[in-house]
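A closer look at the structure
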Amino acid sequence: MQKSTPDEIRQRFDNEVERFSNLETGQVATIDAPLVLELLSAAAAACTPHATHILDVGCGAGNNTLKLLQKLPNRNVLLVDLSGEMLRRANQRAIAATTGNVISIQSDIRDLPLAPASLDIIVAAAVLHHLRTEDEWLATFKKFHAALRPGGSLWISDLITHTQPAIQSLMWQRYGEYLSALKGGGPEGDAHRDRVYAYIEMEDTPRPLMFQIDMLRKVGFAEVEVLHKNSVFAAFGARRA
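Okay, so let's go over this structure. Treat the numbers as computed from the prediction; the structure is a model and nothing was measured.

**Looking at the pairing of strand β6 (residues 223-230)**
With seven bridges joining them, β6 and strand β7 (residues 233-239) adopt antiparallel strand pairing. From the neighbouring strand, H228 faces β7, where its bridge partner is A235. Where β6 folds back on β7, the antiparallel hairpin that results is connected by two residues, among which S231 adopts a positive phi of roughly 60°.

Here it is in structure tokens:
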């Protein structure tokens, strides 16, 4: 199947701003979304307490930035997203939450140059699954490593796959049950599950957790931590020495 182009993905997310703007629930199609929002921000603040410059990749409506600013107030923020509508909402919310500088750039992270050693924290939540080839994953992780200052940290939460087909099938079934239950089960729940499955099939190219951990180490991150994993979602991070 031909995957969606970045422009097609941008168009869908332009129409999804409200769904991604709830700081209490996060994105409900993601298992444990509120917990992961809290864990990413808490881990970033704990590992990089003196951070001054934060990058939120695929920032959406800005939930992760707002959580970070609750724990690390008045930092400088760089917001990057494909969707101009998402970016506008994130920019409004971030400006209201910090006295630091807020810069918003509508771009694909694959195309955006990042100045070397210019950032202290990078957050990439529910975005890297849009990378396609292994070369794109490697280039993106190299870019993140190079952009972080010594002691800086990278925090990721995302959809993942599993290398064992039996485990992938098991976890995918569990995720389907979760999606169906969001709409009360039955025909309506199953229809919701199938809609989510369809856009994942069209848009996403997730990779296993261990693939990403190995690649983080390959590009130079020596300290890698897994914060949380449930079914086909994981939250993890790494610190630059």
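**With respect to the layout of surface pockets**
Estimated volume of the second largest pocket: approximately 200 Å³. Looking at the lining of the second largest pocket, the elements with two or more residues in it are α6 (165-182) and α7 (186-203). Considering every element that reaches the lining of the second largest pocket, the biggest residue donor is α7, with three residues. Across the lining of the second largest pocket, the residue classes break down as six nonpolar, three polar and three charged.

**A word on the nonpolar core**
If you look at the biggest cluster of nonpolar residues, it comprises 33 residues, and the most contacted ones within it are L128, F141 and F144. Of all the secondary structure elements, the ones that give two or more residues to this core are β1 (53-57), β2 (76-81), β4 (119-125), α5 (134-147), β5 (148-159), α8 (209-218) and β7. Ignoring any residue separated from it by four or fewer positions in sequence, one finds L128 in contact with W137, T140, F141, F144, I156 and D158. In this structure, A51, L68, L72 and A235 belong to the second largest nonpolar core, which totals 14 residues.

**Remarks on the packing of aromatic side chains**
One pass over the full model with this rule turns up eight aromatic pairs. Put simply, the rings of W172, Y175, Y178, Y197 and F233 touch in pairs and so form one group of aromatic residues. Between R12 and the ring centre of Y199, over which it is positioned, the NZ or CZ distance is 4.1 Å. The ring of F211 carries the charged tip of R207 above its face, separated from the ring centre by 4.8 Å.

**Comments concerning α5**
Between its terminal C-alpha atoms α5 stretches 20 Å, which fits the 20 Å expected from 14 residues at 1.5 Å a residue. Those residues of α5 that sit buried are W137, L138, T140, F141, K143, F144, H145 and A147. On its buried side, α5 packs onto β1, β4, β5 and α8.

**As for the packing of α5 against α8**
Two numbers describe how α5 lies on α8: the axes approach to 9 Å, and their chain directions differ by 50°. Judged by the inter-axis angle, α5 sits oblique to α8. Helix-helix and strand crossings are classified by hand; for α5 and α8 the assignment is right-handed. Residue-level contacts link E134, W137, L138 and F141 of α5 to F211, Q212, M215, L216 and K218 of α8.

**Brief notes about the environment of D204**
Relative to the helices and strands, D204 resides in the loop between α7 and α8. Relative accessible area serves as the criterion here: at 6%, D204 is assigned to the buried category. Each C-alpha atom, one on D204 and one on D194, is 15 Å from the other, the two residues being ten residues apart in sequence. Here D204 is in contact with K3, H129, H130, R132, L159 and Y199, once residues within four sequence places are set aside. A distance of 3.4 Å separates polar atoms of two side chains, one belonging to D204 and the other to H130.

**Examining the packing of helix α3 (residues 63-71) against helix α4 (residues 84-97)**
Where α3 contacts α4, the axes come no closer than 9 Å and their chain directions differ by 10°. On the basis of the axis angle, α3 is roughly parallel to α4. Here N63, T65, L66 and L69 of α3 lie close against α4, whose contacting residues are R93, A94 and A97. For the contact of α3 with α4, the residue count by class is four nonpolar, two polar and one charged.

**What about the sheet that holds β7?**
If you walk across this open sheet you meet the seven strands as β3-β2-β1-β4-β5-β7-β6, and the pairing is mixed. The sheet terminates laterally at β3 (102-106) and β6, the two strands that pair on one side only. The average undirected angle you get between the axes of adjacent strands in this sheet is 10°. Two elements, β5 and β7, share seven bridges in a ladder whose sense is antiparallel.

Thresholds, definitions, all that
Counting from 1, residues in each chain are numbered in the order their sequence is written. It should be noted that, the model being predicted, local features are given only for residues of pLDDT at least 70 and side-chain atom pairs only at 80 or more, the latter also being counted only at that level, while totals for whole chains, interfaces and linings use all residues. Hydrogens and water molecules were not included; the side-chain quantities draw on all heavy atoms of the structure. Strands were regarded as paired on the criterion that DSSP finds at least two bridges between them. By definition, any uninterrupted DSSP run of H or I lasting at least four residues is a helix, any uninterrupted run of E lasting at least two residues is a strand, and each is numbered from the N terminus. In this analysis, the protein atoms alone were mapped onto a 1 Å grid. Cavities are point sets where a 1.4 Å probe fits without being able to get out; pockets are open sets with protein on both sides within 12 Å along at least five of seven lines; lining residues have an atom within 4 Å of a point. Grid points are joined across faces, edges and corners, and a volume is the space filled by probe spheres set on the points. Residue polarity follows a fixed list, in which Ala, Val, Leu, Ile, Met, Phe, Trp, Tyr, Cys and Pro are nonpolar, Asp, Glu, Lys and Arg are charged, and the others, Gly among them, are polar. Buried Ala, Val, Leu, Ile, Met, Phe, Trp, Tyr and Cys residues that are joined via side-chain atoms within 4.5 Å together make up what is termed a nonpolar core. Partly exposed describes any residue whose relative accessible area lies between the buried limit of under 20% and the exposed limit of over 50%, with all areas from a 1.4 Å probe on protein chains only and scaled to the type maximum. By definition, residues are in contact when any of their heavy atoms lie within 4.5 Å. Pairing of aromatic side chains requires ring centres within 6.5 Å, counting the rings of Phe and Tyr and the six-membered ring of Trp. Pairs whose planes differ by under 30 degrees are stacked, by over 60 edge-to-face, and all others tilted. Placement of a charge over a ring requires the Lys NZ or Arg CZ to be within 6 Å of the ring centre, with the centre-to-atom vector within 35 degrees of the ring normal. In a helix, the anticipated span is given by 1.5 Å times the number of residues less one. Whenever a helix is involved, its axis is fitted only over the stretch in contact; in every case the axis is a line through C-alpha atoms, and angles between N-to-C directions fall within 0 to 180 degrees. For classification purposes, an angle smaller than 35 degrees is called roughly parallel, one larger than 145 roughly antiparallel, one from 65 to 115 roughly perpendicular, and anything else oblique. Helix crossings fall into two classes, left-handed where the near helix is turned counterclockwise from the far one by less than a right angle and right-handed where it is turned clockwise. Any pair of N or O atoms that falls within 3.5 Å is considered a polar contact. Within protein, one atom must be able to donate a hydrogen and the other to accept it, and sequence-neighbouring residues count only if both atoms are side-chain atoms.

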